[in-house]
Amino acid sequence: MGVYKGFLTMACVLAVLVGCGFGEHKALERPAPGYRVLLQWGSAGNDPGQFNGIQGLGVDTHDRIYATDAENCRVQVFDADGQFQLTFGQCGDGPGEFRKPMDVAVDRSGLIYVVDFMLDRVQVFDQQGTYLRGWGREGQQDGEFSAPVGVAVDHAGNVYVSEFYNHRVQKFSSAGEFLASWGGDGDAEGQLHYPAKLTIGPDGKVYVADAHNSRIQKFEPDGRFLSAVGTAGTWQGQFHDPVDVVVSEDGRLHVADSGNRRVQRLTAEGEFLAEWSLPEQQGEKFQSPAALARDSKGFLYVSDIANNQIYKLEVLKGEK
């Protein structure tokens, strides 16, 4: 396939590189109590509700949770209480099949978009998991991909895809028509270095987890750079391979800081507010979390790829 893609998780190839700096953040003596675990589900395996590499999370308008179960070549769907609903997909390269589904997004009409890291394509499904259409192939031209890792859909139905090896974001119509692209390998404003997942904020802006630059970048929907927050490190407000981000209505960022095994909450300007550290795992040390999602009630869902579990968190108020 041109570029070697035979790793078990995206975290296996992420190495910390110092990105653009915005000043050091002083470490707090005690993290603010920003999150509370409400429930968790999942275990290792291939039965319904079990996982082998939870790489992406999405939420639909009914607060159903979608998880890309990468090594099991499928997407699993749960209700907001973690109860299994359905699964679709199997290993293969035909329509509706997967090799390594990395992320999932659901539009306002209920269409499900899944990006496949190994097959370099986007596939679209209905709410029952029936294949509808798809686009993409390996390459560097418009509409081609090299290891797509993130997908997001805006209110107008436009689809945004981040590419790990092409260091860029591409924008498409819901039918797969190419609209725009931006990025390019580097650490200047607007450039990307092995970007991970991305999201559309309540403000309609595009937020990209620029993993190897240890920052979150914010763009207009046409790709114009707006701002960035983050530096490389372990202090509060710094990142080690941030791989996903969601944005609350007040503009605060929740960041999956995978190399530091935590979720951080920051202001829009990058000021640290709170954090939650994932439980330690046994055996081989994976970076985790792999993905975040936020439902209509403000609950946060976190995929712990190391422990094959999904956590549902309440976002606590009252921090500074």
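Reference entry: report on the structure contained in this document. Note that the structure is predicted; figures quoted are calculated from it, not measured.

### Things to note about the sheet that holds strand S3 (residues 65-69)
Okay, step 1: Strand order in the open sheet formed by four strands is S2-S3-S4-S5, and the pairing between neighbours is antiparallel. Only two strands of the sheet have a single neighbouring strand rather than two, namely strand S2 (54-59) and strand S5 (84-88). Here the average twist between neighbouring strands, direction ignored, is 20°.
Okay, step 2: Relative to S5, strand S4 (residues 74-78) runs antiparallel, the two being bridged by four bridges. Following the sheet pairing, phenylalanine 78 is matched in S5 by phenylalanine 84.

### Details of the environment of glycine 56
Okay, step 1: One can find glycine 56 in strand S2.
Okay, step 2: Leave out the neighbours within four places in its chain, and glycine 56 touches Tyr66, Ala67, Thr68, Met102, Asp103, Val104, Lys197 and Ala291.

### With respect to the pairing of strand S18 (residues 242-247)
Okay, step 1: In terms of burial, S18 is a largely internal element, six of the six residues being buried.
Okay, step 2: Where S18 lies against strand S19 (residues 253-257), five bridges are found, and the strand directions are antiparallel. Residue pairing in the sheet places valine 246 in a bridge with histidine 254 of S19.

### What to know about the nonpolar core
Okay, step 1: Core analysis: the biggest nonpolar cluster contains 26 residues, and Ile216, Trp276, Leu300 and Val302 have the highest contact counts within it.
Okay, step 2: Listed by contribution, the elements that provide at least two residues to this core are strand S15 (206-210), S18, S19, strand S20 (262-266), strand S21 (272-277), strand S23 (300-304) and strand S24 (309-315).
Okay, step 3: What valine 302 contacts, discounting residues up to four positions off in sequence, is Leu57, Val263, Trp276, Leu278, Pro289, Ala291, Leu292, Gln309, Ile310, Tyr311 and Leu313.
Okay, step 4: Grouped together as the second largest cluster of nonpolar side chains are 19 residues, Ala105, Met118, Val149 and Val153 included.

### Focus on the sheet that holds strand S10 (residues 148-153)
Okay, step 1: Strand order across the open sheet formed by four strands is S10-S11-S12-S13, with antiparallel pairing between neighbours. This sheet does not close on itself; its edge strands, each paired only once, are S10 and strand S13 (178-183). Strand-to-strand, the axes of this sheet are offset by a mean angle of 20°, without reference to chain direction.
Okay, step 2: Bridge count for strand S12 (residues 168-172) against S13 is five bridges, and the pairing is antiparallel. Across the sheet, valine 169 pairs through a bridge with tryptophan 182, a residue of S13.

### Focus on the side chain of histidine 193
Okay, step 1: On the secondary structure map, histidine 193 appears in the loop between S13 and strand S14 (198-200).
Okay, step 2: Classification of histidine 193 by relative accessible area gives buried; the value is 15%.
Okay, step 3: At 2.6 Å, the side chain of histidine 193 forms a polar contact with the side chain of aspartate 185.

### A closer look at the pattern of salt bridges
Okay, step 1: Overall, the coordinates contain 15 salt bridges when judged by the stated rule.
Okay, step 2: Note that aspartate 222 is salt-bridged to arginine 224, the shortest N-O span being 2.9 Å.
Okay, step 3: Aspartate 222 gets classed as partly exposed once you look at its relative accessible area, which sits at 41%.
Okay, step 4: For arginine 224, a relative accessible area of 52% translates into the label exposed.
Okay, step 5: One continuous salt-bridge network, built from bridges that share partners, spans Asp257, Arg262 and Glu275.

The rules behind these values
- Residues numbered from 1 in each chain as written.
- Predicted model: local features only at pLDDT ≥ 70, side-chain atom pairs only at ≥ 80, totals over all residues.
- Heavy atoms only, no water.
- Pairing = 2+ DSSP bridges.
- Helix = DSSP H or I, 4+ residues; strand = E, 2+ residues; numbered from the N terminus.
- Axes fitted to C-alpha atoms, helices over the stretch in contact; angles between N-to-C directions.
- Contact = heavy atoms within 4.5 Å.
- Buried < 20%, exposed > 50% of the residue type's maximum accessible area, 1.4 Å probe, protein only.
- Core = buried A, V, L, I, M, F, W, Y, C linked by side-chain atoms within 4.5 Å.
- Polar contact = N/O pair within 3.5 Å; in protein donor to acceptor, adjacent residues only side chain to side chain.
- Salt bridge = Lys/Arg side-chain N within 4 Å of Asp/Glu carboxyl O.

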